Amino acid sequence: MSERPRANHQYSEQWIEAYGVRLRPFRLDDVEDVAAGCADPLTQRFLDGLPDPYTEADARWWITQGAPAAFASGGAAYAVVDPTIDRLVGTVGLNNPVPPRGQAEIGYWVAPWARGRGVATAAARALSEHAFAGGTARLELLTRPENAISQRVALAAGFRPEGVRRSATPARGGDRRDLTVWVRLAGDPPGPSERPLPDLPDGRLTDGVVVLRRLGPDDAEQTYRLHSDPEVAASRVPPGAPARQDIERRCADAEGQWLVGTAAAMTILDGASGDFVGNCTLNYDQPASGQAMIGYSLLPRWRGRGYATRAVRLLARWGFDHVGLSRLWAGTLPENAASQRVLDKAGFRREGLLRGRLPGAAGHRADSTIYGLLSTDPTD
């Protein structure tokens, strides 16, 4: 049985202990740890509105004024501490309460010396269940699309992805940023939320010749080069070379898209040298019927060597065996004979032609040849 949150009235009604962490009010002897945690570059990067630089004077203001004001407004602001030594390891709180809706937002950060120990997940679970026990019906957790660390915490704490708020928060430099919305309801089952797209086994797929791993920010330069290639650009929807910032955003947000279950974007590498070969993606476009679409692109020097076929076979096998798909499909331009040969060799069958399915060049529409592969079809 899992340990349930409990209030310990020895300290105050605000003290909660569960899942290996203690939530308590801040004290002045937390000043040094609060200042160090909020001055950390990762905290500064993802926690909007922090002073930069963050000083002990800022921490003292938070402890004496900011945190008490959170409680006074109907929210909460707790120090998360290691219960064995009572040292601060992070913070967790509730803000923007909407009492008529029984709704609030939950937020947290973890100190650098305590990361990787499940502190954020434990604190989020403890405070969520405490809030539900007090009558809250709905909790929202907001993350930036590129903040995969916080998104993994959300999933582990039982929150589910609900959508994106466009330009929902100001950022430094005058820009605004999107926020991904994660929600947990009082009636949701306990434990982590189910993920539609699991992580790759051991972080990669390989047949000994090619390697597939998750697309990430470090792949932006090579991915931009790939999608700027004239042949790849001609097959994009709509046709044309992408802007560099769009590719950088795609690579930065790739893990987040994977975690919310919309797409598994991967980098194709040469198994011997580790060189960048191309990209492939499984777009989970029809989860209700167990279907997904695949796409792939290779740099010119790697084409015609069987790498695309190997990547498609690996991707398909993972989709069937680990995601639980029943059907994969792919579309190519009718004139793209090279891509069609890849699908034929990987076991896909041509199913038909969709006329005018895609936006083409100069305002025209382009046909799409559709291929399909069932989990029961042979792939060799």
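Use the structure listed above.
Residues numbered from 1 in each chain as written. Predicted model: local features only at pLDDT ≥ 70, side-chain atom pairs only at ≥ 80, totals over all residues. Heavy atoms only, no water.

Notes on the pattern of salt bridges
A complete count under the given rule lists 30 salt bridges for this structure. As a salt-bridge pair, aspartate 199 and arginine 152 come within 3.0 Å of each other at their nearest N and O atoms. Placement of aspartate 199 in the loop between strand S9 (176-185) and strand S10 (205-206) and of arginine 152 in helix H5 (residues 148-156) is noted, with a sequence separation of 47 residues between them. Judged by its relative accessible area of 34%, aspartate 199 is partly exposed. Given a relative accessible area of 29%, arginine 152 falls into the partly exposed group. Several salt bridges converge on common partners, so that one network encompasses Glu17, Arg22, Arg24, Arg27, Asp29, Asp30 and Asp86. (Salt bridge = Lys/Arg side-chain N within 4 Å of Asp/Glu carboxyl O. Helix = DSSP H or I, 4+ residues; strand = E, 2+ residues; numbered from the N terminus. Buried < 20%, exposed > 50% of the residue type's maximum accessible area, 1.4 Å probe, protein only.)

Quick word on the environment of leucine 333
As for its placement among the helices and strands, leucine 333 is situated in the loop between strand S15 (327-332) and helix H10 (337-345). Residue class for leucine 333 comes out buried when judged on its relative accessible area of 19%.

Here we look at the packing of helix H6 (residues 220-228) against helix H8 (residues 244-260)
Taken N-terminus to C-terminus, the directions of H6 and H8 make an angle of 130 degrees; their axes are 9 Å apart at the nearest point. Considering their axes alone, H6 and H8 lie oblique with respect to each other. For the crossing formed where H6 meets H8, the hand is right-handed. Residues Ala220, Glu221, Thr223, Tyr224 and His227 of H6 pack against Arg244, Ile247, Glu248, Arg250 and Cys251 of H8. (Axes fitted to C-alpha atoms, helices over the stretch in contact; angles between N-to-C directions. Parallel < 35°, antiparallel > 145°, perpendicular 65-115°, else oblique. Left-handed = near helix turned anticlockwise from the far one by under 90°. Contact = heavy atoms within 4.5 Å.)

Side note on the environment of arginine 213
Looking at the secondary structure, you find arginine 213 in strand S11 (residues 210-214). Taking the C-alpha atoms as reference points, arginine 213 and isoleucine 268, separated by 55 residues in sequence, lie 6.9 Å from one another. Not counting the four nearest positions on each side in its chain, arginine 213 is found in contact with Leu200, Gly203, Asp219, Ala265, Met266, Thr267 and Leu269. Polar side-chain contacts of arginine 213 include one of 2.9 Å to the side chain of aspartate 219. (Polar contact = N/O pair within 3.5 Å; in protein donor to acceptor, adjacent residues only side chain to side chain.)

Comments concerning the sheet that holds S10
Read across the sheet, 8 strands follow the order S10-S11-S12-S13-S14-S15-S17-S16 without closing on themselves; strand pairing throughout is mixed. Edge positions in the sheet fall to S10 and strand S16 (349-359), since each of these pairs with one other strand and no more. Pairing of strand S12 (residues 263-270) with strand S13 (residues 276-286), which is carried by 7 bridges, proceeds in the antiparallel orientation. Among the inter-strand pairings, threonine 267 is bridged to a residue of S13, identified as asparagine 279. Most of the contacts of H6 go to S13, to which it runs at about 80 degrees, and overall it touches S13 and strand S14 (291-298). (Pairing = 2+ DSSP bridges.)

Digging into the side chain of glutamine 291
For glutamine 291, the position within the fold is in strand S14. A relative accessible area of 15% places glutamine 291 in the buried class. Polar contacts involving the side chain of glutamine 291 include one to the side chain of serine 289, which spans 2.9 Å. Here arginine 327 takes part through its side chain, which lies 2.8 Å from a polar atom of the side chain of glutamine 291.

Points about the nonpolar core
Membership of the largest hydrophobic core comes to 41 residues, with the highest contact counts inside it found for Leu212, Met266, Leu282, Trp318, Leu328 and Phe348. Where this core is concerned, the elements lending two or more residues are S11, S12, S13, S14, helix H9 (307-323), S15, H10 and strand S17 (365-374). No other element matches H9, which puts 10 residues into this core. If sequence neighbours within four positions are ignored, phenylalanine 348 has contacts with Ile294, Val312, Leu328, Trp329, Ala330, Leu343, Tyr371, Gly372 and Leu373. With 36 residues, the next largest nonpolar core counts Ala104, Phe132, Ala148 and Leu155 among its residues. (Core = buried A, V, L, I, M, F, W, Y, C linked by side-chain atoms within 4.5 Å.)

As far as function goes, none of this settles anything; it's purely spatial.
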